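What follows is each chain in one-letter form.
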Amino acid sequence: MDKDELMNELSRELVSYGDLNEVLRGMQREGVFANRGTRIPGIQDLLRKLRQVRQDWLDKYNLGSVMGDIHRKLSDIVETERREIQERLNEARGKAEQDADGLSPEMLKNLLQVVEDMAQKNMEKLNSLPQDAGGRIKELTQYNFMGENSKRKFQDLLETLRKHALESYARDLGQRVKQMDPDTLASIRQMAEAINKMLEERMRGHEPNFNKFLEQFGDFFGPQPPQSLDDLIEHLQQGMTQAQALLDNLSPDDSQALKNLIRSVFDERTQCELARLANNLDALRPLERGTRRYPFSGEESISYSEALKLIELLQKSEELEGQLRDSQYSGALEGVNDNLAREVMGDEGAQQLETIRDIARVLEEAGYIKRTDRGYELTPRGIRKLGQRALGDIFAQLRRDRAGSHWINRRGVGVEKSDDTKKYEFGDHFHLDLQKTLTNALSRDTETPVRLKPEDFEVYGTHQVTRSATALMLDLSLSMPMRGNFEAAKRVAIALDALIRSQYPQDTLFIIGFSSYARRVAKENLASLYWDELDPYTNIQHGLSLAKKLLSKERCSNKQIILITDGEPTAHVEGGIFSFHYPTSFRTMQLTLKEVKNCTQKGIVINTFMLQSASMTGAFVTRMAQINKGRIFFANASSLGQYLLWDYVSSKKSKVI
């Protein structure tokens with residue numbers, strides 16, 4: 001990320017809007033072009049990407065497949081059991097016919113009858129199983145399987161569903177339980193009892209011993225268990241919220257079926273403790289109701305665990321979206337969670353977020369801006385860079401043959417050399433023209449080595465540099481931005497300040513902003529200068545008075561006021577009282593012209609750059625020029641900078657005699 005290209009972008013926007021922190025927020029929000037046209041994405045790009053990621057999930061998965069998968073597994077278990085029952089029958093009948101194991105026909109007949117009776121009984125139970133998954137699970141839990149494969153499949157499903165039931169309270173809790181044997185189920189029930197005991201103690205106003213709980217049950221929560229009861233409550237509520245969101249996004253039938261299914265996989269005592277846990281959590285911190293429904297439209301199947309994870313990601317994506325939306329206007333990207341961005345949007349999204357943060361960091365490390373209690377501010381280096389950019393933009397539009405200097409029309413002692421040369425005289429600055437000096441010596445004597453004599457030396461002539469004091473009066477009234485003139489005028493003020501700082505440091509520049517009244521603008525505040533909102537009045541008289549006061553203190557012979565405005569005077573001050581008149585009044589014009597005369601008597605030249613050439617305005621500024629002998633430039637916003645800066649540079653340009 002190139003610091004100078006970022007600063008150029010910052011400079012361009014700052015001239016338009018004035019508020020550095022708002023401009024930085026805008027760059028972070030909209031993104032910027034840097035590094036030879038490479039675009040740095042902004043927060044809005046991240047938001048669009050985030051929404052697309054979320055939509056891709058919704059377009060991919062079929063949430064209803066959660067119950068469909070369980071129904072298919074149950075159907076497979078039932079069909080497997082039917083097939084294995086028939087195999088047991090066939091096996092028993094075959095043994096009866098072969099008189100196997102030396103048993104008597106009577107005994108074989110009795111054994112076959114037992115198998116047939118069991119098969120018939122089991123078939124009847126299978127045929128009478130409820131249609132809903134929860135009912136089927138409950139019945140099959142009490143069912144005596146005849147087939148080993150069907151029994152194993154059911155135990156696997158039952159273990160999976162019990163883990164799913166635990167995931168309804170804490171998604172990672174179910175994933176950490178390796179095997180749902182009787183001892184594990186007993187431990188889960190004991191853990192629920194212990195949590196309920198702590199929650200009920202908290203509701204009675206006591207603080208339970210959480211460390212004791214952690215010693216006994218911390219292994220259930222992995223390498224980073226909750227460190228306090230509040231952490232545990234938040235952890236459990238997060239899991240319950242996700243489970244509830246999943247239920248809310250299923251069809252009513254599937255939602256009820258899943259509830260029944262989750263209840264059916266535990267014994268009554270465990271069910272009672274888990275229900276008590278849900279009630280206690282809700283009493284301490286009620287869950288949010290009315291969970292958002294997500295419009296899933298995909299076809300890909302998804303398991304219960306995957307569905308919970310997906311619901312969690314969807315919820316986290318909304319949380320991340322809220323953080324990003326807030327950061328657009330607060331500028332506080334610190335409020336956006338990096339880990340959350342990485343989990344939802346991957347490494348690429350997290351890297352883009354870091355790049356957006358780097359916009360301010362790169363500018364700060366380059367020394368262009370600094371952080372203060374009020375936010376970011378331009379540093380002196382940043383102010384210089386801003387001025388150089390404005391100056392470069394304006395001079396880039398000037399023709400090359402317009403390049404000039406800042407001289408008076410007199411040869412004399414100075415620090416700047418001219419292109420003309422002269423024979424060296426005692427007291428001259430020794431700006432030696434080596435080529436002409438050697439030519440003079442060789443013209444006198446061609447022998448080598450060349451021997452120089454005093455009369456051979458030729459030096460560049462010099463110009464004496466003048467010193468001037470300028471007051472730039474900048475119209476800040478409402479008409480300036482309405483007519484599209486304010487940005488151009490502000491850019492010129494910044495460029496003129498940069499020009500004087502860099503090339504004519506002996507000159508003095510005052511910046512005066514005026515609308516209903518005039519006031520001096522500190523150069524360090526020039527970048528943040530903004531028009532006076534809702535102020536339509538133009539008090540040129542007050543501005544001239546302030547400019548005269550400032551210039552009168554300067555000890556130089558060249559004093560000028562540069563007036564940039566787009567309208568006639570519509571306000572004045574008399575006897576300390578401000579008066580406003582629109583259209584302008586005779587008294588306002590009279591007092592303004594009186595101030596022009598006062599400036600003229602002080603030897604102050606007024607050069608007016610008029611951005612609106614209405615006939616009345618033209619007549620008024622013409623009268624100003626007649627009184628003051630200053631000049632008038634009728635310019636538009638695009639040519640203002642060229643006119644003003646070229647005039648400033650060329651006003652003292654001289655030809656060497």
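Conventions adopted
Residues numbered from 1 in each chain as written. Predicted model: local features only at pLDDT ≥ 70, side-chain atom pairs only at ≥ 80, totals over all residues. Heavy atoms only, no water. Helix = DSSP H or I, 4+ residues; strand = E, 2+ residues; numbered from the N terminus. Expected span 1.5 Å × (residues − 1). Buried < 20%, exposed > 50% of the residue type's maximum accessible area, 1.4 Å probe, protein only. Pairing = 2+ DSSP bridges. Axes fitted to C-alpha atoms, helices over the stretch in contact; angles between N-to-C directions. Contact = heavy atoms within 4.5 Å. Core = buried A, V, L, I, M, F, W, Y, C linked by side-chain atoms within 4.5 Å.

Asks: Tell me what's going on with helix α21 (residues 586-601), and back it up with residues and numbers.
Replies: Taking 1.5 Å of rise per residue, the 16 residues of α21 would be expected to cover 22 Å, and the 23 Å separating its terminal C-alpha atoms lies within 8% of that figure. For α21, the set of buried residues is T588, L591, T592, L593, E595, V596 and C599. Trailing α21 by a residue or two, G603 shows a phi angle of about 75°, which is positive.

Asks: Could you give an account of the sheet that holds strand β8 (residues 508-514), with specific residues and numbers?
Replies: Pairing in this open sheet of six strands is mixed, and the strands run β9-β8-β7-β10-β13-β14 from one edge to the other. Sheet topology places β9 (518-521) and β14 (632-634) at the edges, where each strand pairs with a single neighbour. Taken over all neighbouring pairs, the strand axes of this sheet differ in orientation by 20° on average, direction set aside. Bridge count for strand β13 (residues 604-610) against β14 is three bridges, and the pairing is parallel. Looking at the pairing, M610 lines up with F634 of β14. Most of the contacts of helix α19 (residues 486-503) go to strand β7 (residues 468-475), to which it runs at about 165°, and overall it touches β7, β8 and β10 (558-565).

Asks: For the nonpolar core, give the residues involved together with the corresponding values.
Replies: If you look at the biggest cluster of nonpolar residues, it comprises 87 residues, and the most contacted ones within it are I137, I195, F213, L232, L258, L320 and L324. The residues contacting L324, other than those within four sequence positions of it, are I43, L46, L47, L50, V336 and L353. Core analysis: the next-biggest nonpolar cluster, separate from the first, contains 51 residues, L24, M27, A489 and L509 among them.

Asks: Account for the side chain of Q541, with residues named and values stated.
Replies: On the secondary structure map, Q541 appears in helix α20 (residues 540-552). Judged by its relative accessible area of 7%, Q541 is buried.

Asks: Run through the pairing of strand β4 (residues 375-378), naming residues and quoting values.
Replies: Across four bridges, strand β3 (residues 369-372) lies against β4 in antiparallel orientation. Residue R371 lies in a different strand from β4, and its bridge partner there is Y376. Here β3 hands over to β4 after two residues, the two strands then running antiparallel side by side.

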